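# Summary of structural features
Chain residues, written in single-letter form:
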Amino acid sequence: MKHVMKTALKVFALTVAALLVAGAAMAKDKIVVGFSQIGAESAWRVANTESIVSEAKKRPNIELKFSDAQQKQENQIKALRNFIAQGVDVIAFSPVVETGWTPVLKEAKKAGIPVILSDRAVDTEDDTLWVTFMGSDFVEEGRRAANWLADNYDKVKRPDKSSDVINVVELQGTVGSAPAIDRKNGFEEVMKGHPAFKTIKSQSGDFTRSKGKEVMEAFLKAEGDKIDVLYAHNDDMAIGAIQAIEEFGLKPGKDIIIVSVDAVRGAFEAMIEGKLNCTVECSPLLGPQLFDAVEDLAAGKTLPKRIVTKEGVFPADVAAKELPNRKY
Amino acid sequence: MSFNPACLKNENLGKLVWPLVALFAIVVFNVIFTPGFFNLEIKDGRLFGSLIDILNRGAPVMLVSIGMTVVYATGGIDLSVGAVIAIAGAVAATIIRPDYVKGVIEYGEMAPLVTVIGVPLLLALLAGLWNGALVAYVGIQPIIATLILMVAGRGIAQLITEGKIVVFIHEPFQFIGGGFLLGLPVPIVIVAVMLLVTYLLTRKTALGLFIEAVGANPKASQYMGIRAQLIKIATYMFCALCAGIAGLIICSDIKAADANNAGLFLELDAIAAVIIGGTMWGGRFTVAGSMIGALIIQTLTTTILTRGIAPEVTLVFKALVIICVALIQSEAFRKILTGRLAKTEAGQS
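Definitions and limits used
Residues numbered from 1 in each chain as written. Chains lettered and ligands numbered in written order. Predicted model: local features only at pLDDT ≥ 70, side-chain atom pairs only at ≥ 80, totals over all residues. Heavy atoms only, no water. Phe/Tyr/Trp six-rings, centres within 6.5 Å; stacked < 30°, edge-to-face > 60°. Buried < 20%, exposed > 50% of the residue type's maximum accessible area, 1.4 Å probe, protein only. Pairing = 2+ DSSP bridges. Helix = DSSP H or I, 4+ residues; strand = E, 2+ residues; numbered from the N terminus. Axes fitted to C-alpha atoms, helices over the stretch in contact; angles between N-to-C directions. Contact = heavy atoms within 4.5 Å. pLDDT = per-residue confidence, 0-100. Expected span 1.5 Å × (residues − 1). Buried area = accessible area lost by both parts, 1.4 Å probe. Salt bridge = Lys/Arg side-chain N within 4 Å of Asp/Glu carboxyl O. Polar contact = N/O pair within 3.5 Å; in protein donor to acceptor, adjacent residues only side chain to side chain. Nonpolar A, V, L, I, M, F, W, Y, C, P; charged D, E, K, R; others polar.

How two aromatic rings sit relative to each other is given by the distance of their centres and the angle of their planes. Residue and element names in this part refer to chain A. In this structure the tally under the stated criterion is 9 aromatic pairs over all chains. Plain terms: the ring middles of Phe93 and Trp101 are 5.0 Å apart, the flat faces sit at 65° to each other, and that makes the pair edge-to-face. Considered together, Phe93 and Trp101 belong to a single accessibility category, that of buried residues.

This is the structure:
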C-alpha cells in the first residue's frame, strides 16, 4: 500500500513539475498585460474596453488580465497591486482621477514593470514612473476641425455666400472639461491664420443633444441667416443643432456648414443624409495601438513619452463608405 | 364655493404681483436690449419666435413644477422628477427600438403610439406610488424618500439603454415634442391642458383645500376626516405623472433617449420655480405662480443664450437674478428695505 502511495506521489510531483515547466515556457512566449479600466460609464468607454479585449484575443502572443475598477480609484490601486504581485510584464490603465498614483506607480517601478497610461494622464512629478501616455489630443482635434473648414469652406458653401466674412457659431462642451477647453483652443489657434472666419457666438451645450438643440435655436433667433458655419465640440450637440436648423427652415449642411468632433455612428448617418459636413475622429479604439506599444516594449524598444491616437477626419463624401466600419 | 373676486385679489393675485414684476423686468430688458426678441411670425401656419421658444423649451420645467407645486403644498418635495424623466424617455425609446442596444439597426414592427406613451406613463405613476408610499405610510422624510429614486432612477434608466443614446424615428411619437397644434408647438398645448386639469381638480373641487389642509396640519386634517395619506400618495403620483409626460416631450423632441442627461438637475429648476412663484411649504399653493417662476427661469436662459453671455459666467448670472427675484418676494426683506428708506427720509427731513 505504501509503495503505491509513494509511486502515486512521485507521479503527481512529476506531473506538477512538468506542468510548471510547460507553464513557464508558455508564459515566456506570451506577454502578460494587466489592464485596469475605469468602468463602463459611457458608450465611448464601452467601445474602448471592447477594442482592447478583442484586440488582445486576436494576438496569440498577448495574454490580457482585465480588471474593471467601477469608477473607483481604490479598486484601481488594488488591481495594480495585484498585477504587480502576479508579476505581469506590462501594466496599462486609464486612471479614473489624475492624482494619488505616485506610491503604487513606484511599487511597479521597483518591480521593474513598465506602465502605460491609456487615454487619460496622471498628475505625478516623477514622469519616469510611466513609460508612455497614449490617447487623443483634443487640441489637435480642434485644429483639424479648423483646418478642414479653412481648406474646404469655399467648396461646400452656398454659392451666394461670401468667403471674405464667414460667421461661425460654436457649441462648446461642458464648461471646464478638458475636451471642451482644448477643442476650443485648437480651433482658435488655427483660425487666427484665417481672419475671414469670425466666431460670433459661443455657448455651452453640455455635450448633449437637447442642450445643443436649445442653444442653436437661440443662436438662430439672434443671428438667423447670418450664421455660415457651426462648429460643435461633439457629434451629439451637432445632431441636436441640425434639428433646430431644420425647424428654423434652413438646410443644415448647405445653408449652414457643420463640423463636429467624435465621429460616432450617428454623425455618419447625418452625413449620408447631407446634413453634416465633416466630423473629426476622437477614437476610443485604442486596442491595436496599445498592444503595438506593448510588443515594442517587449522587444526592448523605447517608446515616445506621448503616443497620439491615430485618428482621421471624415468629410461627408466618405461617410457612406465608412459607416459600416464604425464600431461606436 | 362661490366666486369671490375680492378674496381672489387679496389672496392669490397679491402673491403673484412680485414674481410678475420680476418676469416683467426681464422682458423689458429684452425689449430694450435684444432686437427681434418680440418678433412673432407665422411660418407655414406656425407661430414662430423667441417667445414661442421660451414657452416650448420651458414646457418640461412648467409641467414638472405643476406637479411639484402640489407636492410642495402637502409639505413634501420630490427630488426624483429628473430620474423619472430619464426613465420615461428610456422606456419609450426602448419600446420603439427594442434591440437597438444589442446593435440591431432595424426597427422591427412599429410600436403603436398607445404603448409608447402608455407604458412609460404607467411606470412614472408607479414611481410616484413608491415615493408616496415611502412618505405617507413608511414615514420617511420626503427629501430622503425621493432622494432614493433620484439616485436609483437614473441608474435604472441607464440600465435600460445600457448607457447608450437610443435614437429612433417614430412619426406619431415625434408629434408630442416636435409637432404643432393650432399653430402652437404641442408641448405648449400639453402644458395648457395639464394646467386646466389641475385648475379644475384643485379649485373646482375640494381637493385643493384638502391638499392645503394636509400640508398645513396633517394631524388636524386627519381628525377632520381627510385621508391625509391617500392625498399625499395622490400628489406624488401626480407629480411623477407630470415628470413622465415631460420625459416623453424631451425624448420625442430630440428623437433620442439620453438616459445620462435627460432631465438632469431639472428638479432644482422646478423647485426654484415653485418657490419663486410663492407657494408655501405645506399650505397655500398657487400653480399660476409656479408657472411664472418657470417662465422667469426659462426666459432668463433664453436671454442668456440669445445675448451671448460667456458660458463660464452663465450660472453665476442666473444665480444672481434668482437671488434678486427671491429677495423682492420676501416680505421681511421688503420691510427691511422700506424701513431703511423711511428712516433715511425721516432723518433728512
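Having seen the model, we can carry on.
We now examine the sheet that holds strand E1 (residues 31–37) of chain A. Residues and elements named next belong to chain A. Taken in spatial order, the 6 strands of this open sheet run E2-E1-E3-E4-E5-E11, and their pairing is parallel. At either end of the open sheet lies a strand with only one pairing partner, and these are strand E2 (62–68) and strand E11 (306–308). Ignoring which end each strand starts from, the neighbouring axes of this sheet average 20° apart. Of the strand pairs in this sheet, strand E5 (residues 132–135) and E11 are connected by 3 bridges, and their pairing is parallel. Considered in E11, the bridge of Phe133 is made with Arg306. The sheet strands contacting helix H10 (residues 287–298) are E1, E2, strand E3 (90–93), strand E4 (115–118), E5 and E11, and the helix crosses E1 at an angle near 140°.

Quick look at the pairing of E3 of chain A now. Residue and element names in this part refer to chain A. A two-sided burial pattern is seen for E3, the buried positions comprising Val90 and Ala92 on one face and Ile91 and Phe93 on the other. As paired elements, E1 and E3 share 4 bridges and run parallel to each other. Note that in E3 the partner of Phe35 across the bridge is Ala92. When E3 meets E4, the two strands line up parallel, connected through 3 bridges. By the bridge assignment, Ile91 is partnered in E4 with Val115.

All names here are of chain A. Side chains of strand E8 (residues 229–232) alternate between two faces, with Val229 and Tyr231 and Leu230 and Ala232 buried alike. In this sheet, E8 lies alongside strand E6 (residues 166–172) in parallel orientation, the contact comprising 4 bridges. Each bridged residue has a counterpart across the sheet, and for Val168 the counterpart in E8 is Val229. Two strands pair when backbone bridges link them, and E8 and strand E9 (residues 257–262) are joined in this way by 4 bridges, in the parallel orientation.

Residue-level pLDDT values for chain A average 88, and 90% of them are 70 or greater. Per-element confidence in chain A ranges from a low mean pLDDT of 61 for helix H1 (residues 2–29) of chain A to a high of 97 for E8 of chain A.

Glancing now at the sheet that holds E9 of chain A. All names here are of chain A. Pairing within the open sheet is mixed, and its 6 strands lie in the order E7-E6-E8-E9-E10-E12. What marks the edges here is a single partner per strand, and that holds for strand E7 (197–204) and strand E12 (313–315). Pairs of neighbouring strands in the sheet enclose a mean axial angle of 20°, with direction left out of account. With 4 bridges joining them, E9 and strand E10 (residues 278–281) adopt parallel strand pairing.

All names here are of chain B. Among the secondary structure elements, Phe175 is positioned in helix H6 (residues 171–178). The exposure class of Phe175 is partly exposed, given its relative accessible area of 39%. On a C-alpha basis, the gap between Phe175 and Ala243 in space is 18 Å, while along the polypeptide they are 68 residues apart. In contact with Phe175, not counting residues within four places along its chain, are Phe180, Leu181, Val186 and Ser252.

Take helix H3 (residues 81–96) of chain B next. Over its 16 residues, H3 of chain B runs 23 Å from end to end, which matches the ideal 22 Å to within 8%, given 1.5 Å per residue. Burial runs high along H3 of chain B: 15 of the 16 residues are buried.

Quick look at the interface of chain A and chain B now. Across the contact, 24 residues belong to chain A and 29 residues belong to chain B. A buried area of about 2,300 Å², summed over both sides, lies between chain A and chain B, and 54% of it is on carbon and sulfur atoms. The largest contributions to the chain A side of the interface with chain B come from Gln203, Arg209 and Lys221 of chain A, which together make up 26% of the buried area. Applying the counting criterion to the chain A and chain B interface returns 3 salt bridges. For Asp253 of chain B, the salt bridge identified is with Lys213 of chain A, shortest N-O distance 2.4 Å. Taken together, the links from chain A to chain B amount to 7 residue pairs in polar contact (both at pLDDT 80 or more). By residue number, the principal contributor to the side of chain A that touches chain B is helix H7 (residues 209–223) of chain A, which donates 11 residues. Here the side of chain A that touches chain B is composed, by residue class, of 7 nonpolar, 7 polar and 10 charged.

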